Amino acid sequence: MPEAPRVEAFKEYSAARIVDSLNFGVMSTQGLMLSKNEISVVAEYLSGKPYTPKSSTKKIPLCERSISEDFGKGDEEHNWVAWGGKYGNKRFQAHEKHLSTKNVEKLELKWAFGFDHATRSRSQPTLYDGTLYIGGQNGTIYALDADSGCVHWLYETNNEVRGALAITPSSNLNNGAVVFGDFKANIYALDRLTGELIWKNKVHTHPLATITGSVTVANNTVYVPISSSEVVPAAQASYPCCTFRGAVAALDIQTGKQNWIYYTTPEPKPTGTNSQGTDQFGPSGAPIWSTPTYDPTRNLVYVTTGQNYSSPATGTSDAVIALNANNGSVNWIRQVWENDAWNGGCSVKTANCPKENGPDFDIGAAAILHHDFQAGDLVLVGQKSGLVFALDPEKQGEIVWTTRVGRGGTMGGVHWGMSANDNTLFVGISDLYTRNPYAEGSAQPGVHALNPADGSFLWRSTLDNQCPKDIKFLCYQGISAPVSTSPGLVFAGGLDGMLRAFDASNGKTLWEYPTARPFETINNVQAKGGAIEAAGPVIYNGHVYVTSGYDKWGEMPGNVLLVFGLPK
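The following refers to the structure shown. The model shown is predicted, which means the values in this text are computed figures rather than measured ones.

Rules and cut-offs
Residues numbered from 1 in each chain as written. Predicted model: local features only at pLDDT ≥ 70, side-chain atom pairs only at ≥ 80, totals over all residues. Heavy atoms only, no water. Helix = DSSP H or I, 4+ residues; strand = E, 2+ residues; numbered from the N terminus. Buried < 20%, exposed > 50% of the residue type's maximum accessible area, 1.4 Å probe, protein only. Contact = heavy atoms within 4.5 Å. Areas by Shrake-Rupley, 256 points an atom, 1.4 Å probe, with all protein chains shown as cover. Lys, Arg positive; Asp, Glu negative; His and termini not counted. Charge placed at Lys NZ, Arg CZ, Asp CG, Glu CD. Disulfide = S-S within 2.5 Å. Expected span 1.5 Å × (residues − 1). Arc of directions from axis to C-beta. Phe/Tyr/Trp six-rings, centres within 6.5 Å; stacked < 30°, edge-to-face > 60°. Lys NZ or Arg CZ within 6 Å of the ring centre and 35° of its normal. Patch = residues over 30% accessible without salt bridge, like charges linked within 9 Å, V, L, I, M, F, W, Y side chains within 5 Å. Salt bridge = Lys/Arg side-chain N within 4 Å of Asp/Glu carboxyl O. Pairing = 2+ DSSP bridges. Axes fitted to C-alpha atoms, helices over the stretch in contact; angles between N-to-C directions. Polar contact = N/O pair within 3.5 Å; in protein donor to acceptor, adjacent residues only side chain to side chain.

### A short note on the overall build of the protein
On a plain count of helices and strands, the protein comes out with four helices and 37 strands. C-alpha extents for the protein along the principal axes are approximately 65 × 60 × 55 Å. Within the span of the protein, comprising 568 residues, buried residues form 62% of the whole. Of the contacts formed within the protein by residues at least 6 apart in sequence, a portion of 59% connects residues at least 24 apart. Carbon and sulfur atoms make up 50% of the accessible area of the protein, which amounts to about 21900 Å² in all. Seen as two clouds, the 45 positive and the 53 negative side-chain charges of the protein have centres 4 Å apart.

### A short note on the state of the cysteines
Structurally, a disulfide amounts to a covalent bond that connects the sulfur atoms of two cysteines. Under the criterion given, the structure shown has four disulfides. Each disulfide pairs two cysteine sulfurs, and for Cys-63 the partner residue is Cys-150, the sulfurs being separated by 2.0 Å. On the sign convention where negative means left-handed, the S-S torsion of about 100 degrees between Cys-63 and Cys-150 marks this disulfide as right-handed. Of this pair, Cys-63 sits in the loop between helix H3 (36-47) and strand E1 (108-114) while Cys-150 sits in the loop between strand E4 (140-145) and strand E5 (151-156), placing them 87 residues apart in sequence. Here Cys-63 matches Cys-150 in class, with each residue buried. Cysteine pairing in the protein follows 1-2, 3-4, 5-6, 7-8, where each cysteine in a disulfide is numbered by its order in the sequence.

### Quick word on H3
With 12 residues, H3 should reach 16 Å at 1.5 Å per residue; the first-to-last C-alpha distance of 17 Å fits that figure. Turning to H3, its buried residues number three or more, namely Ile-39, Ser-40, Ala-43, Leu-46 and Ser-47. Along the long axis of H3, the arc covered by the buried residues comes to 135 degrees, so they all point the same way. Opposite the buried face of H3, by more than 90 degrees, sit the exposed residues Asn-37 and Tyr-45. At the C-terminal side of H3, Gly-48 shows a positive phi close to 75 degrees.

### Re the packing of aromatic side chains
Overall, the coordinates contain 18 aromatic pairs when judged by the stated rule. Ring pairing ties together the aromatic residues Tyr-87, Tyr-223, Trp-260 and Tyr-294, which thus form one cluster. Sitting over the ring of Trp-83, Arg-91 keeps its end group 4.6 Å from the ring centre. Above the face of the Tyr-263 ring, Arg-245 is positioned so that its terminal group lies 3.8 Å from the ring centre.

### Focus on a nonpolar patch on the surface
Side chains of Ile-60, Leu-62 and Leu-154 sit close together on the surface and give an oily, nonpolar patch of about 270 Å² of accessible area. Residue position: Leu-62 is located in the loop between H3 and E1.

### Describing unusual backbone geometry
Cis peptide bonds are those with omega within 30 degrees of zero, and the linkage from Cys-241 to Cys-242 qualifies with -10 degrees. Following Gly-412, the chain continues to Gly-413 via a peptide bond in cis, the omega torsion being 25 degrees. With respect to the helices, strands and loops of the structure, Gly-413 is situated in the loop between strand E24 (398-404) and strand E25 (418-420). With a phi angle near 45 degrees, Asn-357 is a residue other than glycine that sits in the positive phi range. Relative to the helices and strands, Asn-357 is located in the loop between helix H4 (344-347) and strand E21 (368-372). The class of Asn-357 is partly exposed, set by a relative accessible area of 38%.

### A closer look at the sheet that holds E5
A sheet is described by the order of its strands in space; here four strands give the open sequence E2-E3-E4-E5, paired in antiparallel fashion. Pairing within the sheet leaves two strands with one partner each, and these edge strands are strand E2 (126-128) and E5. Neighbour-to-neighbour, the strand axes of this sheet turn through a mean angle of 20 degrees, independent of strand direction.

### Observations concerning the pattern of salt bridges
Enumeration according to the criterion identifies 15 salt bridges in this entry. The salt bridge partner of Glu-77 is Lys-97, with a shortest N-O separation of 3.4 Å. On the criterion of sequence distance, the pair formed by Glu-77 in the loop between H3 and E1 and Lys-97 in the loop between H3 and E1 is long-range, its members being 20 residues apart. You can call Lys-97 exposed: its relative accessible area is 58%. Across the pair Asp-377 and Arg-298 runs a salt bridge, and its minimum N-O distance is 2.9 Å. Of this pair, Asp-377 sits in strand E22 (residues 376-382) while Arg-298 sits in the loop between strand E17 (293-295) and strand E18 (300-304); the two residues are 79 residues apart in sequence, bridging distant segments of the chain. Arg-298 gets classed as buried once you look at its relative accessible area, which sits at 18%. Taken together, the shared-partner salt bridges connect Arg-120, Glu-160, Arg-162 and Asp-551 into one network.

### Some points on the side chain of Asn-79
Within the fold, Asn-79 resides in the loop between H3 and E1. Judged by its relative accessible area of 4%, Asn-79 falls in the buried class. Look past the residues within four positions of Asn-79 in its chain and what remains in contact with it is Lys-86, Gln-93, Leu-127, Tyr-128, Asp-129 and Tyr-540.

### Focus: the sheet that holds E1
Strand order in the open sheet formed by four strands is E1-E37-E36-E35, with antiparallel pairing between adjacent strands. Because the sheet does not close on itself, it has two edges, and the strands there are E1 and strand E35 (538-540). Direction aside, neighbouring strands of the sheet carry axes that sit 25 degrees apart on average. As defined by bridge partners, E35 adjoins strand E36 (residues 543-548) across three bridges and the pair is classed as antiparallel. Residue Ile-539 lies in a different strand from E36, and its bridge partner there is Val-544.

### Here's the deal with the environment of Glu-160
Within the fold, Glu-160 resides in the loop between E5 and strand E6 (166-168). Separated by 24 residues in the primary sequence, Glu-160 and Lys-184 have C-alpha atoms spaced 8.3 Å apart. For Glu-160, the side chain forms a polar contact with the side chain of Arg-120, separated by 3.0 Å.

### What about the side chain of His-204?
Inspection of the secondary structure assignment puts His-204 in the loop between strand E9 (197-202) and strand E10 (209-210). Among the polar contacts listed, one links the side chain of His-204 to the backbone nitrogen of His-206, at a separation of 3.1 Å. There is a polar contact of 3.1 Å between the side chain of His-204 and the backbone oxygen of Arg-245.

The structure is reproduced here in structure tokens:
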């Protein structure tokens, strides 16, 4: 590459500098495909020097009491044990008793926790009985006291952890488990009290398979969404595109053994060569970026899919797929956008761009299972196109209504998630401009409220740009991260680093806090906030927990967990 140093220049580097670049710097995209060991081997080879990890003199505050000794300190009703809170992926803390429209303006920062050697904070916290569980970009899993931030235990994985950790306090395992995936498509179960490994299982054979979404645990089964990073190397005309196919796997919670796996496309087959003579394969793609949704009434698992990576486009991309929770058989498929085959080659106009050259309008947001008093049960789905859909699970996913909420784009539209209380659907819209020719209408960055029964608007809160003019990173007021709700309130974090609370009845902004700045942390790690991009706020026992910082796509980097509460 023209901008890369010559090979001889690397002899002047330390191995640690190369490791940092592959983990967090300009080569982090390439580094995502490598394990920690592979990165250190590459660094030693290029530099000609042994790799010595940076020593840390920072003191981690350890808790004086164990999790088991602190059992019962939390409010059981407030537990937020998975990405979506509990079943249904509604992201609604129904039992919040402390925060209200009358006092939310008094929220203040209680403490901050810094993630060492990180430039993005993507793993959303989950909380159970006074303990917070979260993963980091450096592969560390933390169990923190929810009130003070002291550390109960740490567990080191080999790769970045992106999703929320699912907590299973009532499983058949002795102490319950913490279950999650990493960037290399490994699934782990840790003892909830001690952090000791119970089991580990790799769930996909493709070398670029990954876990971006969060797992769902139901009926002593772990449902795993599987995506991949193959869309990135596909940008190179010399890459044989593409062979990954999306999947959802079901694992036994006690052993990690695979019960079944469903693939979203058939096995890719040779389809010829591109204009540069590189072999091509298809169909492929339709990854599952989001958290599966379990329907206990029908014993179904709903997954939302992304675009195909190569031709031919299939009927399972940009779709909602309902699977039998026991065996993975298809109950129904509802595609909401046809012929969306796209990969990185379409952005840079290389020979690997599929003939469809689709809009890249994959569904990155989890489906919400909602019961409406007028319309009955609905599956609510938001897409990067800016469209929101309601599907009828009793009629093979028949579309009940469709509402355009944003103009859409490569980065959303609806990007990572929505929220619903008993009578309202809350939709965060990014609408970041990305020159997507399929975008329609004017930008609507902000939060919008819909009637779940018919998709009509109850209110719209489109935000103004408050970004500094001289900022060197991408800054925009759009809401890419999933929104969260409690009675009377909506919480949303923006690409501009602002954390806001809205009045759920009218959309009025009641409180906002700028997170894109440095923070003093309880663990003495140098930390700052940035864009709030992929992980949304969590509401627990009168507090709001959120991570801040996202270094991809030119956005504002950061490495901090922030905790807000009311004054005592």
